[in-house]
Amino acid sequence: MKNILLVYPEMPDTFWAMRHFNQAAGKKSTYPPLGLMTVSALLPDQCEKKLVDLNVDSLKDADIDWADFVFLSAMNVQVESVNAIVQRCKKRNAKIVAGGPLFMQENESFSGIEYFFLYEKENTLPPFLKDLERGEAYVHRIYRTSDFSDMTETPLPDYSLINVNDYLYAIVQYSRGCPYLCDFCDVTALFGRKPRVKSPQMVIAELETILAQSTNTIVLFADDNLIGNKRHLKLELLPALIDWRRKNQHALFFATQLTINLADDDELMQLLLEAGFRHIFIGIETPEAEGLLATKKKQNLKRSILDNIKKLHGAGFIISGGFIVGLDSDTPDIFDIQEQFIQESGIPLPIVNILKAPPGTELFDRIEKEGRLLKDFTFSEGDTNVRIKMGDQALYAGFYKLVSNLYTPEAAYRRILQFFKDYHPPKLEQPIPAKPTVAMLLQALMIILKVGYWYRERRYFWKLIFWTMLNKPKLMDQAIFYAVMIRQMHQSYRNMQPHLLEKMAQADALPVVDQIRRKISLEGQEFRG
């Protein structure tokens, strides 16, 4: 094994890909393929390695022909791109080795892939490599283990394979695992309930590498739940990050994923802010207690979620929220309930999904047992593999109305204004300003051109900019960021339209479909920018 080609499949044009935001900001993709960068660090030193991220570059036949093995890592949402890669590799007789969440439960569906290393790569890749040294005759097709890896032995990701400046965020991972048991989430099946963590020194080494190689100002902590191990976080990582930031006049800012019960711990909130955390994704799912109880989302119960959101915004955090419709307890009223809650919350970026049952989850097993599992679907926002109890007609008509009332520029503008009214910059013992650079200035100019001039709905860009200038001028950087997000939400909404119209037509909601199509025709199909 001499030449290794690591290939990261293309992300479909969903909210998570943020393709239109990246275009406006002059970036090629949202975040680097951390899994493959870690795989590279686990490979023998004598290997020649090349990484192709299909969200950044194209895959050339010469790359495939060069490789002794093609390594793939993918999530469920990337399945279409994976199938295309496998087909191309098979035509050129390339051998494929694959890992990642997509292959955990359904590897038998990928007959074109020779070898799988499943679950955590630190445990399953080394045995594969050891057997391969003896010869392919000794290699098993599947390597798996029920053991969880020791995060303190995870190597520094191989940043030499990428240009970090191609990405909106740089990326690190501090922990794996989550203590909660939400029935629709596969995290505990993959990584367990006891969060395992890296040492502060390891995390800071990765941050130093990012600082040395890029002009990025935001780093994504790609953790399942950053606050899953609060003790280690409070006593070790956050104090170390705060100290590190004090030694760097212009340090990085951080984004991550965590749970709403952060609002219960004022000490932890302040430590996170002092350490540089600003953007947080929270799975809110639904404001309805019955739905939260049924999905075992116990951490969201016995609290006013709306008050918690306002508290976090007021402290200086910026929330993106995940929401689900189509729970078994949902009635057709849920779409109006979700809309009212989301708009009132002022969450700038709400990501609304129809319920899905990923393989390996408790929900998947239950839905399959009940005979409600649908086979042909994608993991996009407007699709599901569950036969929803309220029925397809109510589901798709309600979902279409909900995303129309959330993602159109006017609705997004009103919600972002609500956020700006609730939000206050954090009060820190030692404020550390972002370092102004030529790259940041050029990025701002590009955004003004693409969103403030070319975008058809540019009036909302300027309305937000002028409102901020008059009312909260210190938030101008946030105004520019979320003005671009208005465009991203609008385009994501438009991308959903054809699929949702087709689903409604299949569900015999034809009068609604005809009405919507007439409205679209009147508005015109031109979409500049």
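Reading the values: the criteria
- Residues numbered from 1 in each chain as written.
- Predicted model: local features only at pLDDT ≥ 70, side-chain atom pairs only at ≥ 80, totals over all residues.
- Heavy atoms only, no water.
- Buried < 20%, exposed > 50% of the residue type's maximum accessible area, 1.4 Å probe, protein only.
- Helix = DSSP H or I, 4+ residues; strand = E, 2+ residues; numbered from the N terminus.
- Pairing = 2+ DSSP bridges.
- Right-handed = clockwise from strand over helix to strand, strands pointing away.
- Contact = heavy atoms within 4.5 Å.
- Axes fitted to C-alpha atoms, helices over the stretch in contact; angles between N-to-C directions.
- Arc of directions from axis to C-beta.
- Phe/Tyr/Trp six-rings, centres within 6.5 Å; stacked < 30°, edge-to-face > 60°.
- Patch = residues over 30% accessible without salt bridge, like charges linked within 9 Å, V, L, I, M, F, W, Y side chains within 5 Å.
- Areas by Shrake-Rupley, 256 points an atom, 1.4 Å probe, with all protein chains shown as cover.
- Salt bridge = Lys/Arg side-chain N within 4 Å of Asp/Glu carboxyl O.
- Parallel < 35°, antiparallel > 145°, perpendicular 65-115°, else oblique.
- Left-handed = near helix turned anticlockwise from the far one by under 90°.
- Nonpolar A, V, L, I, M, F, W, Y, C, P; charged D, E, K, R; others polar.
- Polar contact = N/O pair within 3.5 Å; in protein donor to acceptor, adjacent residues only side chain to side chain.

Colleague: An account of the pairing of strand 12 (residues 277-285) is requested, with residue identities and associated values reported.
Modeller: Of all nine residues that make up strand 12, nine are buried, and the element is covered over most of its length. With five bridges joining them, strand 11 (residues 253-258) and strand 12 adopt parallel strand pairing. Note on strand 12: the bridge partner recorded for Leu258 is Ile282. One crossover worth recording links strand 11 to the parallel strand 12 by way of helix 10 (residues 266-275), and it is right-handed.

Colleague: So what's going on with the side chain of Thr209? Residues and values would help.
Modeller: Note on placement: Thr209 falls in helix 8 (residues 200-213). Overall, Thr209 belongs to the buried group, its relative accessible area being 16%. Leaving out residues up to four positions away in the same chain, Thr209 has contacts with Leu156 and Tyr159.

Colleague: Which residues make up the sheet that holds strand 4 (residues 96-99), and what values go with them?
Modeller: Sheet architecture is open: six strands sit in the order 2-1-3-4-5-6, paired in parallel fashion. The open sheet has two edge strands, strand 2 (48-53) and strand 6 (142-143), and neither has a second partner. Both strand 4 and strand 5 (residues 115-117) contribute to a ladder of two bridges, which runs parallel. Its bridge partner being in strand 5, Val97 is matched across the sheet by Tyr115. Here helix 2 (residues 34-42) sits on the sheet and contacts strand 1 (3-8), strand 2, strand 3 (69-73) and strand 5; the angle it forms with strand 1, its principal contact strand, is near 165°.

Colleague: Lay out helix 12 (residues 305-315) with the relevant residues and their values.
Modeller: When we look at burial in helix 12, the residues that qualify are Ile305, Leu306, Asn308, Ile309, Leu312 and His313. Relative to the axis of helix 12, the buried residues are bounded by an arc of 160° and lie together on one face. Among the structural elements, helix 10, strand 12, helix 11 (289-294), strand 13 (318-325), helix 13 (334-345) and helix 16 (409-422) are those in contact with the buried residues of helix 12. One or two steps after helix 12, the chain reaches Gly316, where phi turns positive at roughly 125°.

Colleague: Report on the sheet that holds strand 7 (residues 170-172), specifying residues and quantitative values.
Modeller: Sheet architecture is open: six strands sit in the order 7-10-11-12-13-14, paired in parallel fashion. Two strands bound the open sheet, and with one partner strand each, they are strand 7 and strand 14 (349-354). Put simply, the sheet's adjacent strands are angled 20° from each other on average, direction ignored. Pairing between strand 13 and strand 14: six bridges, direction parallel. Following the sheet pairing, Ile324 is matched in strand 14 by Asn353. In the packing of helix 9 (residues 230-247) onto the sheet, the strands contacted are strand 10 (218-221), strand 11 and strand 12, and the crossing angle to strand 11 comes to about 165°.

Colleague: Requested: an account of the packing of aromatic side chains, with residues and values cited.
Modeller: In total, this model carries 21 aromatic pairs according to the counting rule given. Residues Phe254 and Phe277 carry aromatic rings whose centres are separated by 5.1 Å and whose planes lie at 50° to one another, so their mutual orientation is tilted. Residue Phe254 is located in strand 11, and its partner Phe277 is located in strand 12; the two are separated by 23 residues in the primary sequence. Each of the two residues, Phe254 as well as Phe277, counts as buried. On the numbers, 6.2 Å between centres and 55° between planes, the contact of Tyr400 with Tyr493 is tilted.

Colleague: Report on a nonpolar patch on the surface, specifying residues and quantitative values.
Modeller: Among the surface-exposed residues, Val438, Leu441, Leu442, Leu445, Ile448, Trp462, Phe466, Met469 and Leu470 lie close enough to one another that they form a single nonpolar patch of about 930 Å² accessible area. For the nonpolar patch, the element with the most residues is helix 17 (residues 438-454), which contributes five residues. Given the relative accessible area of 45%, Met469 is considered partly exposed.

Colleague: I'd like to hear about the pattern of salt bridges, residue by residue, with values.
Modeller: For the structure on display, the rule yields 29 salt bridges. Across the pair Asp61 and Arg88 runs a salt bridge whose closest N-O atoms are separated by 2.7 Å. Of this pair, Asp61 sits in helix 3 (residues 61-66) while Arg88 sits in helix 4 (residues 79-91); the two residues are 27 residues apart in sequence, bridging distant segments of the chain. The partner of Arg176 in a salt bridge is Glu120, with the nearest N and O atoms 2.6 Å apart. Placement of Arg176 in strand 8 (residues 175-176) and of Glu120 in the loop between strand 5 and helix 6 (121-134) is noted, with a sequence separation of 56 residues between them. Accessibility classification places Arg176 together with Glu120 in one group, the buried group. Overlapping salt bridges bring together Asp61, Asp65, Arg88 and Arg92 as one network.

Colleague: Can you lay out the environment of Ser329 for me, pointing to particular residues and giving the numbers?
Modeller: Of note, Ser329 is situated in the loop between strand 13 and helix 13. Taking the C-alpha atoms as reference, Ser329 lies 7.8 Å from Ala294; in sequence the two are 35 residues apart. Leave out the neighbours within four places in its chain, and Ser329 touches Glu290 and Gly291.

Colleague: Lay out the packing of helix 2 against helix 6 with the relevant residues and their values.
Modeller: Look at helix 2 against helix 6: their axes get within 11 Å of each other, and the N-to-C directions meet at 45°. One element, helix 2, and the other, helix 6, form an angle in the oblique class. Note on packing geometry: the crossing formed by helix 2 with helix 6 is right-handed. Mapping the contact onto sequence places Gly35, Thr38, Val39 and Leu42 in helix 2 and Lys121, Glu122, Leu125 and Leu129 in helix 6. Considered class by class, the residues forming the contact of helix 2 with helix 6 number four nonpolar, two polar and two charged.

Colleague: Tell me about the side chain of Ser149, and please be specific about residues and values.
Modeller: Topologically, Ser149 is positioned in the loop between strand 6 and strand 7. For Ser149, a relative accessible area of 2% translates into the label buried. Side-chain polar atoms of Ser149 contact the side chain of Glu120, separated by 2.9 Å. Separated by 3.2 Å, the side chains of Ser149 and Arg176 make a polar contact.

Any functional reading would require information that these geometric values do not contain.
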